[in-house]
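Each chain, written out:
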Amino acid sequence: MTSSGPMPVRPKYVGQAVKRREDARLLRGQGNYVADIKRRGTLHMALLRAPVAHAEITSIDVQAARNAAGVVDIMTAADLTGVGHLPCIDVYPDTKPASHPVLAEGRVRYVGQPVAAVVARSAQEAAAAAGMITVAYSSLPPLTDIDTAIADNAPLLYPEFGSNVVNTVPQDVGDVETALATADRVYRESFRIHRYGPMPMETRGVLAYVDSVSQRLVLYTSTQFPHLVRQFLAGVIGHPESKIRVVAPDVGGGFGGKCEFYPEEVLAPLFALRLNKPIRWIESRAEHMVASSQAREQRHDVELAVTLDGEITAMTVESWTNNGAAFCTLATTPASISSAMTRGPYRIPNYRARAHTVVTNKTPLAVYRGAGHPQGALVMERMIDIIAADLGVDRLELRLRNMITADELPYDRGTDIVLAGHVEYDSGDYPAVLERAAVMIGYSGREEAQGEALTRGKRLGIGLCCFVEETSIGPYEAATVKVDASGKVTLLTGSSPHGQGHVTTFSQLVADELEIPIDDITVLYGDTDVITDGVGTFASRSAAIGGAAARGAAEVVKAKAMRIAAHMLEADVNDLEWQAGGAQMKGMPQARVGLGAISQASTPWNPPLPDGIEFNLAATHNHQVPGIAFANAAHAATVEVDAETGEVEIVDYVVVHDCGRVINPLLVEGQVIGGVAQGVGGTMFEELVYNSDGAPQSLTFNDYLLPTVSDMPWVRTDHMESPSPMNPYGFKGAGEGGASGAPGALVNAISDALAPLGVSLRSDGPWTPENVIAEILHARSSRA
């Protein structure tokens, strides 16, 4: 029970660049993804998907498929009596319910929509049989673009709604009309955001079976939120949650595309219950390009009221989001976020937004890293540059004139975000972040650098992009900390990782709270039987909420350990202090009990504990948030453009990011750089193209260009820390800031480079050489 001397003081882990604990097994090929999981007697599922964008289904004949080799079962919508549609959790009270059926019910609305499902002995036999199903379609007019869908007399995807606009998010702050009427100048522009989406290395996959012992339904799925999948599945098929176990094993990237609940996560369990056999489905890349959620596509019409000295007094935004054919789990969130957050770090006291969600015959749209922030930031930051050029004011100076300062925080923006709540900026120093980024990118030497580039036949531009982003949204996250008899700790978390580094960061938090070596901690997650409650990993929430829950549970365990130690030492708890993983008498370090000894004393096999203390050294903590924690960043990019070929080279890139108190700077840097890579991809290369019939043209990576390491600049980062009051530890989120600022910074940089040629961009890209040349030629013809 006692030791002969004081324990050495161990350095703190939080704030240190601790190497990722989870990487060794992944680098050795020891990951365990859905496709790696085998069950004896597994059958394989394949889906027949709609080959046309819009049509009535007049008949389905499955007989030939039923007679095909290896076929065990087939389902169409007629077999799904009592099965509901897929849930959408971010609808508004007046939203028109464009819900997604598990299998098409009488009409198909996009290429790739599931029409029938086949189960066979092998994946090849299932796919072959699906191709034998005969479906008669009666064609309907397809709608693919926003302008056509909102036009008068446009064909209706859902005739019962009377409109293709199915949701409108309003935001109203101040007196916009008076500000516009009294402005020295009013600027009006229209911007278009193109369609691209998450492309994780691992496609989606499911494995469902009925456990032979418990007779419970078990679903392994590549998802970002296993606990919500359990809830959704129970609701859709009418099966008790207590009879369902959901497991997210290793997940090879999500980025929002796996923050959805899909038809395959219903169909495989239904077949498993019906056949009492394991059912497996692994998405092909071609399926991913048409059946997994897509992102970004919007149109924004904006106007800004400005004084002659550059103060922006009012802003209006009317936007339309091309939501595709039906609602995903998170359908209106991108429109809601972009409408609430477009103003970014700028005051703009009078504001009105109307964000419309429009249905078309494209694959459904949902959240993707940033989820509305990249669109809003691009629009705002392009407008700042346009106004600065017209007024003859430096772009950096115009930003600083309109920025909210640290002394003005907290700052109520008067807007709201669906699911997240009211927007009130909590902490930060936006001008300092911007000024630091400007210094790092060499903004003051821009003209000299442009002159030097011209001697090499290149046009150089520098682009800035500032934004504030909501992170750490609730409602809660759960964690349990358990200490065994050896003093080793197990952490159970409801936050389910897919590359973020939860094992490392959560271990840092618990290790610091209990003052134990980080390697003494085991982290378990992703299984609704391991931890019964949880929300999941999305919206930059894991560290600030899941991490806070983990540390909160460790705090409770430590407090309980102190009381048990006081009992063991026959002392008052106020006479003890916690040091290096144990309790000791103040001023008498030789009177000490370690964590393992305390855990041993807490079991039912030992003498009774003090009144009010339960057996076993463990605690569960549900961390609930009082509001949103807002991170912020400034991106700065330097590009060189060859005006003859249209080629754009990113020669320098800087991000100054503030995500509150940093747990692990190495992991934050990785998150920021990874986000920038996706922002570069979306701005420079990626696009999901449809023809006028609604047929997708981007079906493989031959048709959908992703950035490679040779396309990426060396991204330099710096971090500022403004602790958030929204949790006890000052954390904010860091997962999306790299993606949110890249489009605005790059588009502003390209516009700056080509401004002498009369080019001023009104789109986020993709800025391929062909598209850059088209802008140059358009500017040349306009001048002529």
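Presented here is a report on the structure given in the accompanying data block. (Residues numbered from 1 in each chain as written. Predicted model: local features only at pLDDT ≥ 70, side-chain atom pairs only at ≥ 80, totals over all residues. Heavy atoms only, no water.)

**A word on the packing of helix H10 (residues 373–391) against helix H11 (residues 395–402)**
Relative to each other, H10 and H11 sit at 115°, their axes nearing to 9 Å. The chirality of how H10 crosses H11 is right-handed. Residues Glu381, Ile384, Asp385, Ile387 and Ala388 of H10 pack against Arg395, Leu398 and Arg399 of H11. (Axes fitted to C-alpha atoms, helices over the stretch in contact; angles between N-to-C directions. Helix = DSSP H or I, 4+ residues; strand = E, 2+ residues; numbered from the N terminus. Left-handed = near helix turned anticlockwise from the far one by under 90°. Contact = heavy atoms within 4.5 Å.)

**Let's talk about the side chain of asparagine 323**
Within the secondary structure layout, asparagine 323 lies in the loop between strand E14 (312–322) and helix H9 (333–341). Within the local environment of asparagine 323, its side chain forms a polar contact with the backbone oxygen of alanine 326, the two atoms lying 3.4 Å apart. Ignoring any residue separated from it by four or fewer positions in sequence, one finds asparagine 323 in contact with Ala331, Thr357, Val358, Thr363, Pro364 and Leu365. (Polar contact = N/O pair within 3.5 Å; in protein donor to acceptor, adjacent residues only side chain to side chain.)

**What to know about the sheet that holds strand E28 (residues 715–720)**
Sheet architecture is open: four strands sit in the order E18-E26-E27-E28, paired in mixed fashion. In this open sheet, the two edge strands, each paired with only one partner strand, are strand E18 (459–471) and E28. The sheet shows a mean angle of 15° between the axes of neighbouring strands, direction not considered. Helix H13 (residues 446–455) contacts E18 and strand E26 (629–641) of the sheet and is inclined by roughly 135° relative to E18. Set on the sheet, helix H17 (residues 665–684) makes contact with E26, strand E27 (648–658) and E28; between it and E28 the angle comes to about 130°. (Pairing = 2+ DSSP bridges.)

**Here we look at the nonpolar core**
One finds Met45, Val102, Val266, Leu304, Met315, Met341 and Tyr425 to be the most contacted residues of the largest nonpolar core, which totals 97 residues. The element contributing the most residues to this core is H10, with eight residues. Leave out the neighbours within four places in its chain, and valine 102 touches Leu80, Val83, Gly84, Leu86, Pro114, Val236, Pro263, Val266 and Leu267. (Core = buried A, V, L, I, M, F, W, Y, C linked by side-chain atoms within 4.5 Å. Buried < 20%, exposed > 50% of the residue type's maximum accessible area, 1.4 Å probe, protein only.)

**Concerning the packing of aromatic side chains**
All chains considered together, the criterion is met by nine aromatic pairs. Arranged with centres 5.2 Å apart and planes meeting at 55°, the rings of tyrosine 425 and phenylalanine 630 form a pair that is tilted. One end of the pair, tyrosine 425, is in strand E17 (residues 421–425); the other, phenylalanine 630, is in strand E26, and 205 residues separate them in sequence. An identical accessibility class is assigned to tyrosine 425 and phenylalanine 630; each is buried. Joined through ring pairs, the aromatic side chains of Phe225, Phe232, Phe261 and Phe538 make up one cluster. Stacked on the ring of tyrosine 158, the Lys or Arg arginine 109 has its end atom at 3.9 Å from the ring centre. A cation over an aromatic ring shows up here: arginine 204 above the ring of tyrosine 262, its NZ or CZ 3.6 Å from the ring centre. (Phe/Tyr/Trp six-rings, centres within 6.5 Å; stacked < 30°, edge-to-face > 60°. Lys NZ or Arg CZ within 6 Å of the ring centre and 35° of its normal.)

Honestly, it's all geometry; don't read function into it.
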